[in-house]
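Structural description and commentary
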Amino acid sequence: MNFLAKNSATLDGEIRCPGDKSISQRIVMISSLINSDMKISGFLNGNDPISTANALIQVGAGIKISGTDVIIKKQDSIFKSSDQPIDLGNSGTGIRLLMGFLAGLNIKAILTGDESLIKRPMRRVTDPLTQMGADISTTDIGTPPVELNSGNIINDFLYKMPISSAQVKSSILLAALTSKKKVTVIENKITRDHTEKMIDYFGGDIQVETYKNGRKIILNPSELQPRQNYNVAGDFSSASFLIVAGLIAKSSNILIKNVGLNKSRSGLLNILKEMGANIKIHNQQESCNEKIGDIEVSSSNLNGIEIGGTIIPNIIDEIPILSIAAAAANGKTIIKDAKELRVKESDRLEAIAAGLGKLNVPFELYEDGIQISGVNELSPDDDEIDSYGDHRIAMSFLISSLISKKDIRVKNCENIYTSFPNFFELMGDMGLKMERYG
Ligand code: S3P
């Protein structure tokens, strides 16, 4: 599925941010574990959360999805092993979190995924889960399919994370939660903390302490408490596409409502403000232990910036769209310490570099980052840009059309539906003209 985006001078309107992908996947897992009738609102009805929900249904959970509402129905007997492979589609979060969740429940299963997911590294999760007592294995090169057999999760496991990854942290926490064992996880840099916040929201015994530049998380065995409702906050990562679009458009004023403002996710706001962005936050409040608010954005003159270190895990999914802001900015932007981008849905550093090359934006690629020299206005080649099947790369380059002299063509856009199913509709409502081609 290929899309062409035309240069659109004006963007305006008020839109509601789609539900958070990370939270949507966590809430179907945790509410299935509680196994009590409950309604989830604002669920992200995108392919990734749907894959995760279907995987849980395959092992016996009572989940019914209807648009952005999800009904959890208490099951008499829940969680059984599956003799059919469980397909997590494109979802790295789905497969990695489920590994811990199911290992703690002693479920036998084979977890697999699409062409992209079966190339992604899983030992970062299977290694600590094995140390915890799980019986779990990958292919010889550490990729899916992942096979889970009955193991025995030990009590009081301590894990110092060698990489900064919320997926790894969450998988370990979920293994301890479902097996009702104590665990302590230490992270060197703060990564997104939705799992911790959700466990706390449902009454779990979890303590989070500052530890050097990161955190120490201690989860003690406890019974989670049922709740009748859960509202999923809007996805800051999806909002970031709208935010940057609003900043780089020639004339814009947009209001994005109900955006998740969890501090471990919203670092891009500080970076963009430092770059000179006109961004205002309204109506800040708390919902289900997560901060939310409305974000107002208008056209801005951006300046380049240098970033690296502890902020990187906080903005890891926003770096593709930050690269487009950098291309529109005055001067150089340098992004370092972001090697993790190489093992996302695509090698995002290579994908960003390839796309910027087609747009004739000067860049220098590093092993762990990229330097981008802003050009204000893009003069692309006539060639199409490859998203490498990566939703965030596809959306970023479609948005670059706002500063382009010519139309921008992006191929392989189908995975936009994994995280932002109404991207074309919302962008179209705001004034970005896009159409299918080929
Ligand atoms: C996610 C964590 C991040 C992020 C991914 C979602 C999560 O991955 O890139 O899109 O929901 O925990 P890592 O934790 O591997 O960095």
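In this text, all values refer to a predicted model and were calculated from it rather than measured experimentally.

Things to note about the overall build of the protein
Of regular secondary structure, the protein possesses 13 helices and 24 strands. Expected size for 438 residues packed as a compact globule is a radius of gyration near 22 Å; at 21 Å, the protein falls within 12% of this value. With the C-alpha coordinates aligned to their principal axes, the bounding extent of the protein is approximately 60 × 45 × 45 Å. With 438 residues in all, the protein has 60% of them scored as buried. Taking the intrachain contacts of the protein between residues at least 6 apart in sequence as the baseline, contacts between residues at least 24 apart amount to 74%. As displayed, the protein has an accessible area near 16,200 Å², and 44% of this comes from carbon and sulfur atoms. Taking the average place of the 48 positive charges on the side chains of the protein and the average place of its 52 negative ones, the gap between the two points comes to 3 Å.

Brief notes about the environment of Ile307
One can find Ile307 in strand 18 (residues 306-307). When its relative accessible area of 10% is taken as the criterion, Ile307 is described as buried. Along the backbone, Ile307 and Gly369 are 62 residues apart, and their C-alpha atoms lie at a distance of 9.8 Å. With residues up to four places along the chain from it excluded, the contact list for Ile307 reads Ile271, Ile315, Leu322, Ile334, Ile335 and Lys336.

A closer look at the domain arrangement of the protein
Parsing the protein into structural domains produces domain 1 (2-19 + 233-437) and domain 2 (21-221). Looking only at domain 1, the three residues that lose the most surface to domain 2 are Asn289, Glu345 and Thr418, adding up to 22% of its buried area. At the surface where domain 1 touches domain 2, the tally comes to 3 salt bridges. A salt bridge links Asp317 to Arg192, with the nearest nitrogen and oxygen atoms 3.0 Å apart. At the junction of domain 1 with domain 2, the criterion picks out 16 residue pairs in polar contact (both at pLDDT 80 or more). Element by element, the count of residues in the side of domain 1 that touches domain 2 is highest for helix 12 (residues 416-419), at 3 residues. In the side of domain 1 that touches domain 2, the residues fall into 8 nonpolar, 10 polar and 8 charged.

Some remarks on the sheet that holds strand 1 (residues 2-5)
Read across the open sheet, the 4 strands follow the order 22-23-1-24; overall the sheet is mixed. Looking at strand neighbours, the two that pair on one side only are strand 22 (385-386) and strand 24 (434-437), the edges of this open sheet. The pairing of strand 22 with strand 23 (residues 408-411) spans 2 bridges and is parallel. The partner of Asp386 across the bridge, within strand 23, is Lys411.

Considerations on the nonpolar core
The biggest cluster of nonpolar side chains holds 77 residues, and the ones touching the most others in it are Ile243, Leu272, Leu322, Leu398 and Phe423. When residues in this core are grouped by element, the largest group, 9 residues, is from helix 7 (residues 236-248). When residues no more than four places from it in sequence are discounted, the contact partners of Leu322 are Leu268, Ile271, Leu272, Met275, Ile307, Ile315 and Ile335.

Some points on the site of the ligand
Around the ligand sit Ser22, Arg26, Thr93, Ser165, Ala166, Gln167, Arg192, Ile316, Asp317 and Lys344, and those are all the residues in its vicinity. Ser22 places a side-chain nitrogen or oxygen 2.7 Å from an oxygen atom of the ligand. Between Arg26 and the ligand, the recorded distance is 2.7 Å, taken from a side-chain N or O atom to an oxygen atom. Protein chains shield 95% of the accessible area of the ligand, which is 380 Å² for the free molecule. Cavity membership is defined here by more than half of the atoms lying within 2 Å of grid points; on that basis the ligand lies in the second largest pocket. Secondary structure elements with two or more residues in the shell around the ligand: helix 1 (21-34) and helix 5 (166-179). Taken together, the residues that form the shell around the ligand break down as 2 nonpolar, 4 polar and 4 charged. When residues of the shell around the ligand are assigned to domains, at least three fall in each of domain 1 (2-19 + 233-437) and domain 2 (21-221).

Rules and cut-offs
- Residues numbered from 1 in each chain as written.
- Predicted model: local features only at pLDDT ≥ 70, side-chain atom pairs only at ≥ 80, totals over all residues.
- Heavy atoms only, no water.
- Helix = DSSP H or I, 4+ residues; strand = E, 2+ residues; numbered from the N terminus.
- Rg over C-alpha atoms; globule rule 2.2 N^0.38 Å.
- Buried < 20%, exposed > 50% of the residue type's maximum accessible area, 1.4 Å probe, protein only.
- Contact = heavy atoms within 4.5 Å.
- Areas by Shrake-Rupley, 256 points an atom, 1.4 Å probe, with all protein chains shown as cover.
- Lys, Arg positive; Asp, Glu negative; His and termini not counted.
- Charge placed at Lys NZ, Arg CZ, Asp CG, Glu CD.
- Domains from an automatic or database assignment.
- Buried area = accessible area lost by both parts, 1.4 Å probe.
- Salt bridge = Lys/Arg side-chain N within 4 Å of Asp/Glu carboxyl O.
- Polar contact = N/O pair within 3.5 Å; in protein donor to acceptor, adjacent residues only side chain to side chain.
- Nonpolar A, V, L, I, M, F, W, Y, C, P; charged D, E, K, R; others polar.
- Pairing = 2+ DSSP bridges.
- Core = buried A, V, L, I, M, F, W, Y, C linked by side-chain atoms within 4.5 Å.
- Near = heavy atom within 4 Å.
- 1 Å grid on protein atoms, 1.4 Å probe; cavity = no way out; pocket = protein on both sides within 12 Å on 5 of 7 lines; lining within 4 Å.
- Sits in = over half its atoms within 2 Å of the grid points.

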